[in-house]
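# Commentary on secondary and tertiary structure
These are the residues of each chain, in order.
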Amino acid sequence: AQRVTQPEKLLSVFKGAPVELKCNYSYSGSPELFWYVQYSRQRLQLLLRHISRESIKGFTADLNKGETSFHLKKPFAQEEDSAMYYCALRGDDKIIFGKGTRLHILP
Amino acid sequence: EPEVTQTPSHQVTQMGQEVILRCVPISNHLYFYWYRQILGQKVEFLVSFYNNEISEKSEIFDDQFSVERPDGSNFTLKIRSTKLEDSAMYFCASSVKNIQYFGAGTRLSVL
């Protein structure tokens, strides 16, 4: 079964502290993993994808096939990082989303 | 930067009525999608569309739903006879090179 699990519904982190948003997936085959972000009153937008191996807004995510994980990390949280974050898996011709984690950066 | 455009931003309808949600994908994109998000739940795939036909659909996308690309720019989702449980945010997306770009969504409220 194709599934994306984000175990945390809400994550509160102090400004300047490290952030890690967890994501695990289930997929038979070679997955393509993404992180999407939705800032308040804005549309869903792609944050990063595992195949490009880049850092966007200080965020990185490494695909760990052994642990079937794609956790999102940032060493120092900023207040503008507060948003909903969705881990997603591209399966065939559709995106399968996790339930999302609301990241709340405390001042 | 080009964007996927959805109209209306909010649609209120009576149960049993037909609704059409409209989307204008990004102009050079060839793949189009509809997703929905019921309040408090995750974003769910409904249907993908390529080359003027449905390429994949979920079990949610039953006979009450249909999609159409009536001209070169619009991509519509029709719900024939709305139910209370159809109340949700509906997102259109279009893609190129496997990256999907999302519209801002239409909030459908079925009364």
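This text follows the structure it describes.
The present account deals with the structure reproduced in this document. Here, residues in each chain are numbered from 1, in the same order as that chain's written sequence. Lettering of chains starts at A and numbering of ligands starts at 1, both following the order in which they are written. For this predicted model, a pLDDT threshold of at least 70 governs which residues receive local features, and a threshold of 80 or more governs which side-chain atom pairs are given and counted, while totals over whole chains, interfaces and linings are taken from all residues. Side-chain figures throughout are based on the complete set of non-hydrogen atoms in the structure, without hydrogens or water.

## Observations concerning the interface of chain A and chain B
To keep it simple, the criterion reads: Note on contacts: a residue pair qualifies if any of its non-hydrogen atoms lie within 4.5 Å across the two residues. Take the accessible area each of two parts loses on contact, using a 1.4 Å probe, and add the two losses: that sum is the buried area. We define a salt bridge as a contact between a side-chain nitrogen of Lys or Arg and a carboxyl oxygen of Asp or Glu at a distance within 4 Å. Whenever a nitrogen or oxygen atom comes within 3.5 Å of another N or O atom, the pair is scored as a polar contact, on the condition that within protein one atom can donate a hydrogen and the other can accept it, and that pairs from neighbouring residues in sequence are kept only if both atoms are in side chains. Helix and strand labels come from DSSP, where a helix needs a run of H or I of at least four residues and a strand needs a run of E of at least two; each type is numbered from the N terminus. Polarity classes work like this: nonpolar for Ala, Val, Leu, Ile, Met, Phe, Trp, Tyr, Cys and Pro, charged for Asp, Glu, Lys and Arg, and polar for all others, with Gly in that last group.
Counting from both sides, the interface comprises 17 residues of chain A and, opposite them, 20 residues of chain B. Across the interface of chain A and chain B, roughly 1,700 Å² is buried in total on both sides, 50% from carbon and sulfur atoms. Contact with chain B buries surface across chain A, with Arg 43, Asp 93 and Phe 97 of chain A losing the most and accounting together for 38% of the total. Linking chain A with chain B are two salt bridges. Note that Glu 56 of chain B is salt-bridged to Lys 94 of chain A, the shortest N-O span being 2.4 Å. At the junction of chain A with chain B, the criterion picks out seven residue pairs in polar contact (both at pLDDT 80 or more). Within the residue set of the side of chain A that touches chain B, elements represented by two or more residues are strand E5 (32–38), strand E6 (45–49), strand E9 (83–91) and strand E10 (94–97) of chain A. Among the elements that take part in the side of chain A that touches chain B, E5 of chain A stands out by supplying four residues, more than any other. Its residues assigned to classes, the side of chain A that touches chain B shows seven nonpolar, two polar and eight charged.

## With respect to the packing of aromatic side chains
For clarity, the threshold we go by: In summary, the pairing rule links any two rings of Phe, Tyr or Trp, Trp by its six-membered ring, whose centres are within 6.5 Å, and it sorts them by plane angle into stacked for under 30 degrees, edge-to-face for over 60 and tilted for everything else. We call a residue buried when its accessible area falls under 20% of the maximum for its residue type, exposed when it is over 50%, and partly exposed in between, using a 1.4 Å probe and counting protein chains only.
Taken as a whole, this structure holds 15 aromatic pairs over all chains when the rule is applied. Ring geometry for Phe 49 of chain B against Phe 75 of chain B: centres 5.2 Å apart, planes inclined by 40°, an arrangement best described as tilted. Note that Phe 49 of chain B is positioned in strand E5 (residues 43–50) and Phe 75 of chain B in strand E8 (residues 75–79), a separation of 26 residues in sequence. The residues Phe 49 of chain B and Phe 75 of chain B share a single accessibility class, namely buried. In this structure an aromatic cluster arises from ring pairing among Phe 34, Tyr 36, Tyr 86 and Phe 97 of chain A together with Tyr 33, Tyr 35, Phe 45 and Phe 102 of chain B.

## Digging into the nonpolar core
In plain terms, the rule: To qualify as a nonpolar core, a set must consist of buried Ala, Val, Leu, Ile, Met, Phe, Trp, Tyr and Cys residues joined through side-chain atoms within 4.5 Å.
Trp 35, Leu 72 and Tyr 85 of chain A are the most contacted members of the largest nonpolar core, which has 25 residues in total. Elements represented by at least two residues in this core include exactly strand E2 (10–14), strand E3 (19–21), E5, E6, E9 and strand E11 (101–106) of chain A. Per-element accounting of this core gives the leading share, four residues, to E9 of chain A. Val 4, Val 47, Ile 60 and Phe 65 of chain B belong to the second largest nonpolar core, which has 23 residues in total.

Interpretation in functional terms is not warranted from these geometric data alone.
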